[in-house]
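Structural features, examined
Below, each chain spelled out in residue letters.
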Amino acid sequence: MSKTTKPNAAPKQVKNKVSGAPRIQAAEPVAAALEIRPVRRTDLDAVIAIDTMVTGIEKRPYWNSLYQRYADAVATGQHFLVAVKADETIGFAIGEVRDWEFGAPPCGWVFAIDVHPQARLAGAGTQLLNAICDNFRQAGVSKVRTMLARDNTLILSFFRSQGMMIGPFIPLELELES
Amino acid sequence: MKLQQNTRLALYSLLEFAADPERQISAAEIAEKYAVSSHHLAKVLAELSRVGMVQSVRGVGGGYRFVGNARRLTLMDVISRFEDVLPAENVNSQPTPVGQALASVLSEIDEIARASMSSITLATMLRITERFPV
């Protein structure tokens, strides 16, 4: 799905000379509108750059695989959305409806969401989450879940600000000795 | 999870103030609403004023006003002013295997509590408050 209003004229794409990541332009005289739409192949470099900037790890094969599996939401029920402002991809959200995993009735799962650090605090994350939740509602589910590292206070705080509370699951793990 | 009374009073007060930051609210008004001693509450408010979360307003009406940033101030920011938030194993460390095993389990619970309290801002708390009937 796409929520679009008329954008302003696109500024020149500028890449950061050190990381190669897209650099967010300084504020235009009139704020450009934010568009939320399904991912396109041309968004991938920006998505990878944002993820690399935030996590410190470039995972190009992972993102290419995700694009292959999630780009066609209509056919697969999976959703890979991007936030675009002034022709720059500034954020993304990925999720899908999962049936009966961990014994739970079908619900929507958001397993990746992020916004370029320089573009945060302007509502892009909220709009991405709202858009993916709209997709989940259309698929007939009434609950959305996510999971994240407990030391990721920033993203935890974001999900909390959207009204999410701790769910009924406890993630467990075990080191597998070789 | 149990919070000490001073901590709860601090959170109640801050949320009352942050819900209407333009309004001056007296300690007596909050004390009556939460059925606590004004004297006790005054000490809590003095600490909140000292750390810059509220401001005492002199003059007609008096009272306090919220001067923090509700979108940045977290529950843990407040709790840590009134309680020892060190992990359990630091407080009650026991070098025996049983002691270390218990400390590791307790630390799981502590870590989840810390993550929750550190990620919930006063602004988020006010939204949660709206879900409950008056």
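The rules behind each value
Residue numbers run consecutively from 1 along every chain, following the written order of its sequence. To read the labels, note that chains go from A and ligands from 1, taken in the order they are written. Residue-level local features of this predicted model are given only where pLDDT is at least 70; pairs of side-chain atoms are given and counted only at 80 or more, and the full residue set underlies all totals for whole chains, interfaces and linings. Strands here mean DSSP runs of E at least two residues long; helices mean DSSP runs of H or I at least four residues long; both are numbered from the N terminus. Working definition of burial: number of other C-beta atoms within 10 Å of the residue's own, with buried at 20 or more, exposed at 12 or fewer, and partly exposed in between, all C-beta atoms being placed from the backbone. We call two residues in contact when the distance between their C-beta atoms, placed using the backbone, is within 7 Å. At least two bridges found by DSSP between two strands is the condition for calling them paired. Inter-axis angles, ranging from 0 to 180 degrees, are taken between N-to-C directions of lines fitted to C-alpha atoms, where helices are fitted over the stretch in contact. In the scheme used here, Gly and all other residues not listed as nonpolar or charged are polar, with Ala, Val, Leu, Ile, Met, Phe, Trp, Tyr, Cys and Pro taken as nonpolar and Asp, Glu, Lys and Arg as charged. By convention, the crossing between two helices is left-handed when the near helix turns anticlockwise from the far helix through less than a right angle, and right-handed when the turn is clockwise. Expected helix span is computed as 1.5 Å times (number of residues minus one). A residue's pLDDT is simply how confident the predictor is in it, with values from 0 to 100. By convention the nonpolar core is taken to be a set of buried residues drawn from Ala, Val, Leu, Ile, Met, Phe, Trp, Tyr and Cys and joined through C-beta atoms within 7 Å. The scheme is simple: roughly parallel for angles under 35 degrees, roughly antiparallel for over 145, roughly perpendicular for 65 to 115, oblique for anything else.

1. Thoughts on the overall build of chain A
If you tally the helices and strands in chain A, you get five helices and seven strands. Start at the N end of chain A and walk to the C end: the helices and strands fall as β-β-β-α-α-α-β-β-β-α-β-α. The buried share of chain A, taken over its 178 residues, is 29%. A fraction of 62% describes how many contacts in chain A between residues 6 or more apart in sequence connect residues 24 or more apart.

2. Digging into the overall build of chain B
Summing up its helical and strand segments, chain B has seven helices and two strands in all. When the elements of chain B are put in sequence order from the N terminus, they spell out α-α-α-β-β-α-α-α-α. In terms of principal-axis extent, the alpha carbons of chain B reach across some 60 × 30 × 25 Å. Residues counted as buried form 21% of the 134 residues belonging to chain B.

3. Topic: the sheet that holds strand β6 (residues 107-115) of chain A
Two pairing modes exist for strands in a sheet, parallel and antiparallel, and in both the strands are linked by backbone hydrogen bonds. Residue and element names in this part refer to chain A. One open sheet holds the five strands; their spatial order is β3-β4-β5-β6-β7, and the pairing between them is mixed. The open sheet has two edge strands, β3 (34-38) and β7 (144-146), and neither has a second partner. Pairwise comparison of adjacent strand axes, ignoring direction, gives a mean angle of 30° for this sheet. The pairing of β3 with strand β4 (residues 78-85) spans five bridges and is antiparallel. Residue pairing for β4: arginine 37 is matched across the bridge by valine 82. Packing against the sheet, helix α2 (residues 60-70) makes contact with β4 and β5 (88-98), and its axis sits at approximately 110° to β4.

4. Here's the deal with the interface of chain B and chain A
Contacts between the two partners involve 11 residues from chain B and, on the opposite side, eight residues from chain A. Grouping the amino acids of the side of chain B that touches chain A by side-chain chemistry returns four nonpolar, five polar and two charged.

5. Looking at the packing of helix α5 (residues 153-161) of chain A against helix α6 (residues 97-119) of chain B
Closest axis-to-axis distance for the α5(A)/α6(B) pair is 8 Å, and the angle between their directions is 65°. As for the relative orientation of α5(A) and α6(B), their crossing is right-handed in sense. Every residue of α6(B) that contacts α5(A) at Thr153(A), Leu156(A), Ser157(A) and Arg160(A) is listed here: Ala115(B), Ser118(B) and Ser119(B). The residue makeup of the contact of α5(A) with α6(B), split by class, is two nonpolar, four polar and one charged.

6. A closer look at unusual backbone geometry
Residue and element names in this part refer to chain A. Positive phi is not limited to glycine here, since tryptophan 100 has a value of about 60°. Tracing the chain through its elements places tryptophan 100 in the loop between β5 and β6. Take tryptophan 100: there are 9 C-beta atoms within 10 Å of it, and that puts it in the exposed class.

7. Some thoughts on helix α1 (residues 44-55) of chain A
Residues and elements named next belong to chain A. If you check α1, its first and last C-alpha atoms are 16 Å apart, about what 12 residues at 1.5 Å a residue would give, namely 16 Å. For α1, the set of buried residues is Leu44, Ala46, Val47, Ile48, Ala49, Ile50 and Asp51. Glycine 56 lies just past α1 and shows a positive phi near 80°.

8. With respect to the confidence of the model for chain B
Taken over all residues, the pLDDT of chain B has a mean of 89, while the share at 70 or more is 93%. ipTM for the predicted complex: 0.79, alongside a pTM of 0.80.

9. Some words on the nonpolar core
Residues and elements named next belong to chain A. In terms of nonpolar packing, the biggest core is built from 31 residues, with Val47, Leu81, Ala83, Ala93, Leu128 and Ile132 touching the most fellow members. The set of elements that each furnish at least two residues to this core consists of β3, α1, α2, β4, β5, β6 and α4 (124-138). Discounting chain neighbours no more than four positions away, the residues touching alanine 83 are Leu34, Ile36, Ile90, Gly91, Val115, Ala124, Gln127 and Leu128.

10. Quick look at the packing of α1(A) against α2(A)
Two quantities define a packed helix pair, namely the angle between the axes and the distance from one axis to the other. Residue and element names in this part refer to chain A. At a minimum axis distance of 10 Å, the contact between α1 and α2 shows a crossing angle of 130°. Looking at the two axes, α1 sits oblique to α2. Crossing geometry of α1 relative to α2 is assigned as right-handed. Residue-level inspection shows Leu44, Val47, Ile48 and Asp51 of α1 in contact with α2, the latter providing Arg60, Trp63 and Tyr67. In the contact of α1 with α2, the residues fall into five nonpolar, no polar and two charged.

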